[in-house]
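Given next are the chains, with one letter for each unit.
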Amino acid sequence: MYSYLKLTRSSWFGHSDRQALTQLARSKRTITALWRGRPATIGLFTCYLLFPWISSAQAPAKVPQADERYKADILLVVAHPDDEGAATPYLARAIDEGKRVAIAYGTRGSSGANEAGAEQATALGEIREIEARRANAVLGIDKVWFLGGKDTASQDVLQSLANWDHGVTLENLVRIVRLTRPEVILTFLPGTFIGEDHGDHQAAGVLATEAFDLAGDPTAFPEQVAAPLRRLEPYLENLRPWQTKKIYYFPDADKEDIFRDKGPKYSVKEISKSAKQAYWRVALESFRRHETQAKGFIDSLAKMDEAQIEKMVTSDSFWSSGISFVRGKSLVGGSVTGDIFEGITTGAIRFARPEVALAPAQPEISVELAGPWNYYAEFRRAHGLTHLPHPEPPEIAQQAGGTFVIPLWLHNQTAESKEFTLSVKLPSGWSLQTGSLKFTVGPKQTGAARVEMNLPVLSDPPSKNPEPQEVSVHSEANGQTVGDVKIRVELRKRALPE
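Trainee: Is there a simple way to explain the overall build of the chain in this structure?
Mentor: Of the regular secondary structure elements, the chain holds 14 helices and 17 strands. Sorting the 498 residues of the chain into buried and exposed places 43% on the buried side. A sequence separation of at least 24 residues applies to 76% of the contacts in the chain between residues at least 6 apart. Per element, the accessible surface of the chain, about 25,800 Å² overall, is 53% carbon and sulfur.

Trainee: Can you help me understand the packing of aromatic side chains in this one?
Mentor: If you walk through the whole model with that rule in mind, you get 12 aromatic pairs. Ring centres 4.8 Å apart and planes at 45° place the aromatic pair tyrosine 90 and tyrosine 266 in the tilted group. You can see tyrosine 90 sitting in helix H5 (residues 88-96) and its partner tyrosine 266 sitting in strand S6 (residues 265-266), a full 176 residues away along the chain. Both residues of the pair, tyrosine 90 and tyrosine 266, belong to the buried class. Aromatic pair tyrosine 105 and phenylalanine 146: ring centres 4.9 Å apart, planes at 15°, arrangement stacked. You can see tyrosine 105 sitting in strand S2 (residues 101-107) and its partner phenylalanine 146 sitting in strand S3 (residues 143-149), a full 41 residues away along the chain. Owing to a relative accessible area of 0%, tyrosine 105 belongs among the buried residues under this scheme. Look at phenylalanine 146 and you get buried, because its relative accessible area is 14%.

Trainee: Can you walk me through the nonpolar core in this structure?
Mentor: Generally speaking, soluble globular proteins have nonpolar side chains that are buried together. Among the nonpolar cores identified, the biggest contains 75 residues, and Tyr90, Leu91, Leu186, Phe325 and Ile340 are the most heavily contacted of them. Counting residues per element, this core draws most heavily on helix H9 (residues 199-214), which supplies 7 residues. Excluding residues within four positions of it along the chain, leucine 91 makes contact with Ile74, Leu76, Val101, Ile103, Ile141 and Leu186. Trp373, Leu422, Val471 and Leu491 belong to the second largest nonpolar core, which has 26 residues in total.

Trainee: Before we go on, may I ask you to explain the layout of surface pockets in this structure?
Mentor: In this structure, the second largest pocket encloses a volume near 620 Å³. Along the wall of the second largest pocket there are 25 residues; nearest its centre are Glu368, Trp373, Asn374, Ala377 and Glu392. Those elements giving two or more residues to the lining of the second largest pocket turn out to be strand S9 (365-369), helix H14 (371-382) and strand S17 (480-492). Per element, the largest residue contribution to the lining of the second largest pocket is 7 residues, and it comes from H14. Of the residues assigned to the lining of the second largest pocket, the class counts are 12 nonpolar, 6 polar and 7 charged.

Trainee: Just to check I follow, could you spell out the packing of helix H10 (residues 279-287) against helix H12 (residues 306-314) for this structure?
Mentor: The axes of two packed helices give the description: the angle between them and the distance between them. Packing of H10 against H12 brings their axes to within 11 Å, and their N-to-C directions diverge by 95°. If you check the angle between H10 and H12, you find them roughly perpendicular. Contacts from Trp280, Arg281 and Leu284 of H10 reach H12 at Glu306, Ile309, Glu310, Val313 and Thr314. In terms of residue class, the contact of H10 with H12 is built from 4 nonpolar, 1 polar and 3 charged.

What counts, and at which threshold
Residues numbered from 1 in each chain as written. Predicted model: local features only at pLDDT ≥ 70, side-chain atom pairs only at ≥ 80, totals over all residues. Heavy atoms only, no water. Helix = DSSP H or I, 4+ residues; strand = E, 2+ residues; numbered from the N terminus. Buried < 20%, exposed > 50% of the residue type's maximum accessible area, 1.4 Å probe, protein only. Contact = heavy atoms within 4.5 Å. Areas by Shrake-Rupley, 256 points an atom, 1.4 Å probe, with all protein chains shown as cover. Phe/Tyr/Trp six-rings, centres within 6.5 Å; stacked < 30°, edge-to-face > 60°. Core = buried A, V, L, I, M, F, W, Y, C linked by side-chain atoms within 4.5 Å. 1 Å grid on protein atoms, 1.4 Å probe; cavity = no way out; pocket = protein on both sides within 12 Å on 5 of 7 lines; lining within 4 Å. Points joined across faces, edges and corners; volume = space filled by probe spheres on them. Nonpolar A, V, L, I, M, F, W, Y, C, P; charged D, E, K, R; others polar. Axes fitted to C-alpha atoms, helices over the stretch in contact; angles between N-to-C directions. Parallel < 35°, antiparallel > 145°, perpendicular 65-115°, else oblique.

Below you can see the structure in the form of structure tokens.
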């Protein structure tokens, strides 16, 4: 019997499929014959010893689980290499506390200047990816992804989202959230403020918020959470939906009064347990890897001793005042200013669909600010973030001597066409560039309009603390007052395009 079993096993692995089936049929007949004519001493236990695969074929298959190597406690979502610096003092602290960190960059920062070499454009982006990975390695972060967006030099989040291929990039970020399964997402505050206010920074915050609300939804990008039907299925990914528990923001604004006490605040002067340095010093050491962006500054650090470095860096208010966050959402409770991980316990939670706030009622005829300002009003309502701080009236910084455009929506919900007439109140030294300020909007329609103006040149030297100046657009329809739209503009020597 053993010799037959040996022959059968070798036959199954050494012959063609047809021969293997023949041998299998023979083996079944042999087993049946042996069982029917067995002596009393041969029972089921004897057959199990002779043919062990009969029992093992019925053992339950082990279902593979998510790869724990990529589980994160924190997912940081930013736009460019070096943007992680907005949070690295806190990340160093979190890593000291045993937290696992992953980072997703929207772009490779390929449209910036190069202070370290001649490479530009795509080649520069490849270098900056290496620099970012080296910078994060200083902190011990090795889970780093790049979403493939294109660096966009403007303050308009809508331009950045378009240039990043919004839908594709969102799909990639949702995939990363489902792969890393973070407890918390940290990102830029989505909004328009006086500051650097880079549109790509805003886009990172927008996408992170959308991913927070979508990654737990099994109907969002369902091919990511579908199990493959065949071995080596090339399309279905077998991820699981994942609902992140909290999302926090850090603003890209100069004045931080409206953000005070909107979330937790952390000192950067405490000593890291692992690095034996202050957290600001750990963050600075990480930043030194970004040579294409700041080689001059990095070279100057190399010439200083520790006391000089500390005196220079800690004179900056960022380092002396600590690092603050704005709480966006918490699905596990906790206080607004409490620790980021307050209320978080291990394990998945149920998917929570965002509560959409209704838009306020509008009169039949109205005018409102369009562009990113109108978009953010809709965004906050759609994602349950109406509590997020935002300036009123809206604001922006602009480069002096250039042009500025105010985009408008003209709403006419009546049954008749309406003629809108606009008049603009400008600060001293400003001038209108627009020709006619009269627009006809058909019944039940919304029309787009724009007001263009020339900005004056700043005095030399410019004021160290310039005050924003207000521009007001008054509107009438068929001779009746509709309302005013206001925006505050700060003129600067240098600023990103509108």
